[in-house]
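Residue strings, one per chain:
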Amino acid sequence: MQDFLEKIIRNFTEFFNSLDLNKKIGLVSIAAFIVACFVGIVIWASKTRMDVLYTELNREDSKKIAVLLEEKKIPYEMSNDGKTISIPEELINKWRLEIATLGVNFSGTVGYEVFDKQSFGTTSFVQKVNKQRALEGELVKTIKYIRGVKRARVHLSIPESSPFVSEKKAPSASVVVDLERGVTLTPDEIKGVASLVSSSIDGMRNENVVILDDRGKKLSENIGDPMTAYTANRMALEGKVNRKYEKQIEDILSKVVGAGKVIAKVTVNLDFTESVSTKTEFDGENKAVLSEVSNTQKLNGSRPSPQGIPGARSNLPGEQPQPGIPETRNNVDKSLATRNYNVPSKVTKSKNPTAGIRKISAAVMIDGRRVQVKGADGAISTQYERWSEADLANFSAIVSSTLGIDARRGDQIVIKNMEFAQEDMASIEAMMREKENRELIKNIVKYLTVGLAITLFFFLVVRPFIQWVTDNTVETVEDFLPKTLEELEKVQANQKLPGLEDALPQIEEKLNPEKIEGNMLREKIISLVEGNPAKAAQVIHEIIHAQESDKQIA
């Protein structure tokens, strides 16, 4: 094995020394390039593969995680903007769990855990600040649970209470939300965030919560005037009722005229006047005695008629009447009865709806039909056809019944048949197909260009370079090979081609011309026999029979 290696090294050294300077430089450059590519591939294959641990971080969070990874001696990579941190992919799940276990809070979000570590000498001011920080942190954590919210910041303004201030100022809050790409908060979600923040702080109202997005756009309405808020709520209710009626009309008519061929707009005027009425009814026939009080008085009295000398003496009591004087009698028979009856009564208190319908106005536009018509040449075409008046009347009756149209209330409904503008979907599809074909052709041309460039590089650069390097060797070997027997003898005698001894034929010192001629004749005969065995067998057969016939003649 060692001899074989030494022989290879010796042959390569002789080959390299036989090249000129330019070819030596080219060969060394190509060898260095190949070695560099091989080393790069090995390094790339053995390099640690990194995966994203966290992304979309701010500077404080990325710095906090980087310090933690450095303390644990974990290799990491940070993007140029500092928002993404990557670690070896086999450590991703482990370190996400580890960071969550350590209680690392992103974006400086600190909730009630701020009270976990309290010193003995904490002042009341620090306690108030920590309480506000805790409230803000907990609100941020809760807001981030909303779908689409990536980050959030909450700032609370809670005025201090004082016994010397007669009117207390209401607390307020500011909320900034950073949303995911392509996500927008609906009005209901914005109101939900405002209600969440206002409900967490005592005395805070929804209109005191200002909500902004990451671009500084104000999302909340913040209507502070009660009358304005009441008006906005009424308008929102009317809009909701309008959309409900419009959907009902489009749903019921689209079953007949087709989907997308009905447009309905409804305006409902609501009456928000509140009225309360009380009605009392009595039933005189079904009465009953509730209570009865009777008072009876009977008095029998008599006294003599006036007599004697007029004056005080005759009127004194106890005076004996004179005989023969008639008596005056006064008998009283008095009866008083009080009877109370319970008469059934019915009391009805009614309150009219806050949002009663005052008037309904509806406008409906319907597209016509498209029927296939056969022409004189037999070609089938599509023709627009309007709905008849009877059909429109049926549509009007259906819509009137759906909305509850009342002519006495002044409701109006208008139904018109008009041709809708048709989108040329065929041209759009053709444009899309053309665009896809262009993209396909572009990709094919791109890959063909790359393949052609690689092919041309091989045939125009690599192959000529290899030939350029090896031409010298081929020409030198051909020049050095002996052309005659005398040159071959000289080569073997002088050893001018080291390493080629095994490749050159060995010539005997003394050549026998007859032997050489016999060997050549034998090789010629063997080649003829191998080329045509049947003919050779026939020739041998004839030779044998010819010898036998000669013997018989002799």
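Located above this text is the structure these notes cover.
Residues numbered from 1 in each chain as written. Predicted model: local features only at pLDDT ≥ 70, side-chain atom pairs only at ≥ 80, totals over all residues. Heavy atoms only, no water.

Draft legend 1. Highlighting the overall build of the protein chain. Tallying secondary structure elements over the protein chain gives twelve helices and 15 strands in all. Here the protein chain, with 554 residues, has 18% of them falling under the buried criterion. If you take every contact in the protein chain between residues at least 6 apart in sequence, the share linking residues at least 24 apart comes to 64%. When the accessible surface of the protein chain is totalled, it reaches about 42,200 Å², and 56% of it is carbon and sulfur. (Helix = DSSP H or I, 4+ residues; strand = E, 2+ residues; numbered from the N terminus. Buried < 20%, exposed > 50% of the residue type's maximum accessible area, 1.4 Å probe, protein only. Contact = heavy atoms within 4.5 Å. Areas by Shrake-Rupley, 256 points an atom, 1.4 Å probe, with all protein chains shown as cover.)

Draft legend 2. Broad picture of the pairing of strand E11 (residues 345–351). With zero of its seven residues buried, E11 lies for the most part at the surface. Of the strand pairs in this sheet, strand E8 (residues 276–282) and E11 are connected by seven bridges, and their pairing is antiparallel. Looking at the pairing, Phe282 lines up with Ser345 of E11. (Pairing = 2+ DSSP bridges.)

Draft legend 3. Up close: the sheet that holds strand E15 (residues 412–417). Taken in spatial order, the three strands of this open sheet run E7-E12-E15, and their pairing is mixed. Unpaired on one side and paired on the other, strand E7 (262–271) and E15 mark the two borders of the sheet. Averaged over all neighbouring strand pairs, the angle between strand axes comes to 10°, with direction disregarded. In terms of strand pairing, strand E12 (residues 356–366) meets E15 through six bridges, oriented parallel. Its bridge partner lying in E15, Met365 is registered against Lys416. Each of E7 and E12 touches helix H7 (residues 226–257); the most contacted strand, E7, lies at about 145° to it. Docked against the sheet, helix H8 (residues 389–403) engages E7, E12 and E15, running at close to 145° with respect to E15. (Axes fitted to C-alpha atoms, helices over the stretch in contact; angles between N-to-C directions.)

Draft legend 4. Quick look at H8. For H8, which comprises 15 residues, the first-to-last C-alpha distance of 21 Å matches the rise-based estimate of 21 Å (1.5 Å per residue) to within 8%. Taken together, the buried positions of H8 are Leu392, Phe395, Val399 and Leu403. One face of H8 carries all of its buried residues, which in axial projection span an arc of 60°. On its buried face, H8 is in contact with H7, E7, E12 and E15. A positive phi of about 75° marks Gly404, the residue just after H8. (Expected span 1.5 Å × (residues − 1). Arc of directions from axis to C-beta.)

Draft legend 5. How the structure looks around the pairing of strand E14 (residues 380–385). Sheet topology places strand E13 (residues 369–374) next to E14; six bridges connect them, and they run antiparallel. Across the sheet, residue Gln372 finds its bridge partner in E14, namely Thr382. Taking the residues that link successive antiparallel strands as the turn, the E13-E14 hairpin has five residues, and the phi of Gly378 there is positive, at about 90°.

Draft legend 6. Region of interest: the side chain of Ser220. With respect to the helices and strands, the residue Ser220 is situated in the loop between strand E6 (209–213) and H7. Judged by relative accessible area, Ser220 falls into the buried class, the value being 10%. From its side chain, Ser220 meets the backbone nitrogen of Ile211 in a polar contact 3.1 Å long. Not counting residues up to four positions away in its chain, the partners in contact with Ser220 are Ile190, Val209, Val210 and Ile211. (Polar contact = N/O pair within 3.5 Å; in protein donor to acceptor, adjacent residues only side chain to side chain.)

Draft legend 7. Representation of the packing of aromatic side chains. Enumeration according to the criterion identifies one aromatic pair in this entry. The residue whose ring lies beneath Arg369 is Trp387, and the NZ or CZ to ring-centre distance is 4.4 Å. In this structure, Lys446 packs its charged tip against the face of Tyr447, placed 5.3 Å from the ring centre. (Phe/Tyr/Trp six-rings, centres within 6.5 Å; stacked < 30°, edge-to-face > 60°. Lys NZ or Arg CZ within 6 Å of the ring centre and 35° of its normal.)

Draft legend 8. Layout of the side chain of Asn242. Relative to the helices and strands, Asn242 resides in helix H7. Relative accessible area serves as the criterion here: at 14%, Asn242 is assigned to the buried category. Beyond its immediate stretch of four places on either side in the chain, Asn242 contacts Val266, Thr267 and Val268.

Draft legend 9. Seen up close, unusual backbone geometry. Its identity as a non-glycine residue notwithstanding, Lys73 has a phi of 55°, on the positive side. Among the secondary structure elements, Lys73 is positioned in the loop between helix H3 (59–71) and strand E2 (77–78).

Draft legend 10. Structural context of the environment of Glu221. Take Glu221: it is sitting in the loop between E6 and H7. Owing to a relative accessible area of 58%, Glu221 belongs among the exposed residues under this scheme. Taking the C-alpha atoms as reference points, Glu221 and Glu207, 14 residues apart in sequence, are found 7.6 Å from one another.

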